[in-house]
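Next come the chains, spelled out residue by residue.
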Amino acid sequence: MRLEDFPILKNNIIYFDNGATTFKPQKVIDKINEYYKEYTSNAHRGDYDYSLKVDTEYENVRVKIKDFINAKQKEEIVFTSGTTHSLNQVIFGYCSKILKEGDEVLISKAEHASNVLPWMILSEKIGFNIKYIPLDSNYEINIEDVKKSITDKTKIISLAHVSNVIGDIRPIKEIGSICKERNILFIVDAAQSIGHLKIDVEDMNIDFLAASAHKMLGPTGTGFLYGKMDYLKETDPLMYGGGMNSYFESDFTYELKNVPLKFEAGTQNIAGVLGMGAAIDYLKEIGLDKIHEYEYELKKYAVSKLKEVPNIIIYNEKSKSGCLTFNIDKVFSQDTAVFLNNYNICVRSGNHCAKILKDEIGATNTCRAIFYLYNTKEEIDKFVEVLKMQDKIYDNIV
Ligand SMILES: Cc1ncc(COP(=O)(O)O)c(C=O)c1O
């Protein structure tokens, strides 16, 4: 798929760490350069042409995201620094106001730190209970277990669309309709699905959705939070300052701007937002269905080729994304990653910020390859060839 669009690939690198961050196509880099070279200025603050151009470009990205996830209005899109910021914004800005002692919040043991720790911190203050939806024998979430986990006390379900270690695609639409029926708030962490799968917040009954630009071909340091307007109106900002207030006076009276600007205090990551818009254009040009089909095909290919390699443990053979999590039996995952790096192959090793998943899969550390649109079967062949030389792992580590 259009490998020539990604200038970094000239470095002859095999990059499978797409769950951590993705490479950027030239169009995204160009857009960021254009802003810095042609019309650098602040947003929502100037009355001159450059600034008005920035306002238009910046607000156009809101529209692009609205269309990308099928939100009802552009004001339902808040620019943030990424998924972590977005989840914290919802949890501390909104959930803190609706939860009380004894309520239940459902998550899973496969969630990323940013969908676990904020809940832990908030529950210490409020006294609600965090419950885990059980994972099945493939470490995935199935709808029956979601139904069984819900009680009269369940107020919120907060789950990743695609988990970042197992790579299972959760039944978001079904969970969304159950939440709607039972009046449960539904929060979706889309860090690993944005840029891979179609998301329709209306059809899927999602109340809040968190995403990062850098995991969908865009720049780091930017992302967005989607929220249903009624909820966003009730959400308190995490930060206060310039750009988000209508006035404040010496007698301590003040008024905040409307949604979404009340959440965007201070100078925003304007270059990042414009780059995120260019990434969305690029993804739409190729088509998310095509991207998903391609990366899942690569995962299936990798699984079949790894069967030829001795001592490989695969933790997520069944999951239907581009995510492959594995170990070489009795080899520390970081040693495997360093060994692969000697051949210019990048995988992630460790716990992938999903630190309680070890209770389920029985491994504290694993290697993770997440395939994306610029990866190829030839790269997987090379990866498999290197893993076949596993008896050299400790010779090659320098
Ligand atoms: C499932 C999941 N949620 C949240 C995050 C956090 O994303 P960010 O670091 O961009 O805020 C990640 C990052 O790896 C992730 O995989």
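Above this text is the structure in question.
Below: a short report on this structure. (Residues numbered from 1 in each chain as written. Predicted model: local features only at pLDDT ≥ 70, side-chain atom pairs only at ≥ 80, totals over all residues. Heavy atoms only, no water.)

**Things to note about the environment of Tyr-296**
Within the secondary structure, Tyr-296 sits in helix 9 (residues 288–306). Along the primary structure Tyr-296 and Leu-3 are separated by 293 residues, whereas in three dimensions their C-alpha atoms are 18 Å apart. Beyond its immediate sequence surroundings of up to four residues, Tyr-296 is in contact with Ser-319, Lys-320 and Ser-321. (Helix = DSSP H or I, 4+ residues; strand = E, 2+ residues; numbered from the N terminus. Contact = heavy atoms within 4.5 Å.)

**Examining the packing of aromatic side chains**
A complete count under the given rule lists 16 aromatic pairs for this structure. Consider the rings of Phe-208 and Tyr-231, whose centres lie 5.9 Å apart with planes at 35°: the pair is tilted. Residue Phe-208 is located in strand 7 (residues 208–212), and its partner Tyr-231 is located in helix 7 (residues 229–234); the two are separated by 23 residues in the primary sequence. Overall, the relative accessible area of 1% leaves Phe-208 in the buried class. Looking at Tyr-231, the relative accessible area reads 25%, which means it is partly exposed. An aromatic cluster is defined as three or more aromatic residues linked by ring pairs; in this entry it consists of Phe-6, Tyr-15, Phe-23, Tyr-282, Tyr-372 and Tyr-374. The ring of Tyr-39 has Lys-53 lying over it, and the distance from NZ or CZ to the ring centre is 4.8 Å. For Lys-109, the ring lying beneath its charged end belongs to Tyr-132, and the centroid distance is 5.5 Å. (Phe/Tyr/Trp six-rings, centres within 6.5 Å; stacked < 30°, edge-to-face > 60°. Buried < 20%, exposed > 50% of the residue type's maximum accessible area, 1.4 Å probe, protein only. Lys NZ or Arg CZ within 6 Å of the ring centre and 35° of its normal.)

**Quick notes on the site of the ligand**
Near the ligand, the surroundings consist of Gly-19, Thr-83, Thr-84, His-112, Ser-114, Asn-164, Asp-189, Ala-191, Gln-192, Ser-212, His-214 and Lys-215. Taking Thr-83, its main chain carries an N or O atom lying 3.5 Å from an oxygen atom of the ligand. Separating an oxygen atom of the ligand from a side-chain N or O atom of Thr-84 is a distance of 2.6 Å. Alone, the ligand offers 390 Å² of accessible surface; in the complex the protein occludes 86% of this. For the shell around the ligand, the residue count by class is one nonpolar, nine polar and two charged. (Near = heavy atom within 4 Å. Polar contact = N/O pair within 3.5 Å; in protein donor to acceptor, adjacent residues only side chain to side chain. Areas by Shrake-Rupley, 256 points an atom, 1.4 Å probe, with all protein chains shown as cover. Nonpolar A, V, L, I, M, F, W, Y, C, P; charged D, E, K, R; others polar.)

**A few points about helix 3 (residues 83–98)**
The periodicity of an α-helix, 3.6 residues per turn, causes residues three or four positions apart to be oriented the same way. The first and last C-alpha atoms of helix 3 sit 21 Å apart over 16 residues, in line with the 22 Å expected at 1.5 Å per residue. Maximum bend of helix 3: about 30°, positioned at Ile-91. Within helix 3, burial applies to Thr-83, His-85, Ser-86, Leu-87, Gln-89, Val-90, Ile-91, Gly-93, Tyr-94 and Cys-95. (Expected span 1.5 Å × (residues − 1). Bend = angle between axes of the 7 residues up to and from the residue.)

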